[in-house]
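Examining the three-dimensional arrangement
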Amino acid sequence: MKERINRKYVMGLDVGTTKVCAIIGEQDPDGSLSILGVGSTPSLGLKKGIVIDMDQTIESIQKAIQKAVSVAGIESHDLVVGIAGGHIQSHDSRASVEIVNVTGGVRRRDIVRVNERAKALAMPVDREILHSIPQEYSTDSGPVKNPMGQVTTKLEVNVHIVTASVTSVQNLMKCIKQAGYNTNSILLESIASSESILLPQEKEMGVLLLDIGGGTTDLAIFSRGHIRYSGVIPLGGDNITNDIAFGLKISPFDAENAKKKYGCAMTNLVRPEESFSVTQIVNNKKVTIKRQKMADIIEARMEEIFHLSKERINSISVNEKSYAGLVITGGSSLIEGIAELGEKAFECPCRVGYPNNLKGMASVVSSPIYATGLGLVRHGFSDVLNQPPNGSSLYEWIKDNMIKFIGFFK
Ligand SMILES: Nc1ncnc2c1ncn2[C@@H]1O[C@H](COP(=O)(O)OP(=O)(O)OP(=O)(O)O)[C@@H](O)[C@H]1O
Ligand SMILES: [Mg+2]
């Protein structure tokens, strides 16, 4: 084993509904990510992104981390954890402050002050602010990209606030602590996935990201380089598996296997003569099933997921919902025909999002299943964690970073 704590290595922990996955990585000087260890284990304690059994979750976390550590031969306590689930909400908050010394221009402390105010205005009881991401600033002369040093009497900001239920966050943190780990770094899973699969030009032009996992579909819109909207639909691949089991009268286990092996999201992409055989429950009889019949079931549920996503997007303000393309990731994006169905449903170009710019165990993790875990690792190396987040106080940042700094030399 190398040193126990080393900022050179970051571990991403994706506590999903289907699997808990730990990934240890190291950043190369050219910006690519070298993957040193991966550990994935079935997730038995979560439902729709929420911890419903702490003991099972702790066990899954320990198993996944132990696997990743034994493969990497390195233990990293620099942990970035992903969070998702139906309890996540997001909205925009606007605030403004007067600039006392007008001729001196806007100073860093004014930017911190206006962001703090936007956060305070948006702070609901029983919810925790996960992220407050400034969208744009305005001065007396109108919108500005960077207000630093600008001469103005007033500074205004529009901040995208992502909140989570306090108890859901505390339960997840408690599981991680009881598994023997500690972290201050929590990241919304769709932001994490975006960091491993979206290209900078996509984020700039406007893109809708759908991460269709087992229990949930996380949606996020990025444009002008930032996240503009985030939301969660409580449906995913597990619903498809259940529909297949019910529709074909087979066990959920067989339904899951049949979906992965023969599934297709668009019936008209399957030839009518294609079929496969499965064993029915109750009478244990082997039967031949048309692939098109299963594709009908998958297409109906996928259409519902897309329809609910579109409905959610239609309910938000015009500013946030402009996107030029759709990227689908997460395990359920591996179903054949998903990009074609996405293109038809959203009437825009669509692709399946595979993680990019990887080295090391790249062949093992180059799958949409690992998009979130890899994004968490990448985020651990990004400047965001090493700069005062716009919106948190300088005091909080110094306090958090002193803890990390001390931890580094332990
Ligand atoms: N080859 C495949 N074809 C179709 N579906 C697949 C395939 N591989 C995995 N899946 C589905 O992907 C889903 C799991 O995806 P993923 O690993 O992204 O979920 P998760 O992150 O654990 O869950 P969530 O994000 O909802 O908490 C399961 O429903 C699984 O059946
Ligand atoms: Mg997931």
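Residues numbered from 1 in each chain as written. Chains lettered and ligands numbered in written order. Predicted model: local features only at pLDDT ≥ 70, side-chain atom pairs only at ≥ 80, totals over all residues. Heavy atoms only, no water.

**Some remarks on the confidence of the model for the protein**
Looking at the protein as a whole, the pLDDT averages 88, with 91% of positions reaching at least 70. Low pLDDT (under 50) marks residues 1-6, which in the prediction has 16 contacts with non-local residues, meaning those over four places away or in another chain. (pLDDT = per-residue confidence, 0-100. Contact = heavy atoms within 4.5 Å.)

**Describing the site of ligand 1**
Near ligand 1 lie 19 residues; those nearest to it are Thr17, Thr18, Lys19, Glu256 and Lys259. One of the backbone N or O atoms of Gly331 is found 2.9 Å from an oxygen atom in ligand 1. Contact with the protein chains hides 92% of the accessible area of ligand 1, taken as 650 Å² for the molecule alone. At the level of secondary structure, the elements contributing two or more residues to the shell around ligand 1 comprise helix H6 (237-248) and helix H7 (252-262). Residue contributions to the shell around ligand 1 peak at three residues, all from H7. When its residues are assigned to classes, the shell around ligand 1 shows three nonpolar, eleven polar and five charged. (Near = heavy atom within 4 Å. Polar contact = N/O pair within 3.5 Å; in protein donor to acceptor, adjacent residues only side chain to side chain. Areas by Shrake-Rupley, 256 points an atom, 1.4 Å probe, with all protein chains shown as cover. Helix = DSSP H or I, 4+ residues; strand = E, 2+ residues; numbered from the N terminus. Nonpolar A, V, L, I, M, F, W, Y, C, P; charged D, E, K, R; others polar.)

**Structural notes on the layout of surface pockets**
The volume enclosed by the second largest pocket comes to roughly 730 Å³. Contributing to the lining of the second largest pocket are 41 residues, with Thr18, Lys19, Gly213, Gly214 and Gly331 lying nearest its centre. Listing elements by their share of the lining of the second largest pocket, those giving two or more residues are strand S1 (9-15), strand S5 (50-51), strand S6 (79-83), helix H3 (166-178), helix H4 (189-197), H6, H7 and helix H11 (371-381). Here the lining of the second largest pocket is composed, by residue class, of 13 nonpolar, 18 polar and ten charged. (1 Å grid on protein atoms, 1.4 Å probe; cavity = no way out; pocket = protein on both sides within 12 Å on 5 of 7 lines; lining within 4 Å. Points joined across faces, edges and corners; volume = space filled by probe spheres on them.)

**Notes on the sheet that holds S6**
The mixed open sheet is built from six strands, whose spatial order is S11-S6-S1-S2-S3-S19. Every other strand in the sheet has two partners, leaving strand S11 (185-188) and strand S19 (358-360) as the edge strands with one partner each. Averaged over neighbouring strand pairs, the angle between their axes works out to 35 degrees when direction is ignored. Strand contacts of helix H1 (residues 54-72): S1, strand S2 (19-27) and strand S3 (33-42), with the helix running at about 145 degrees to S3, the strand carrying the most contacts. Contacts from H3 reach S1, S6 and S11, with the element oriented near 145 degrees to S6. (Pairing = 2+ DSSP bridges. Axes fitted to C-alpha atoms, helices over the stretch in contact; angles between N-to-C directions.)

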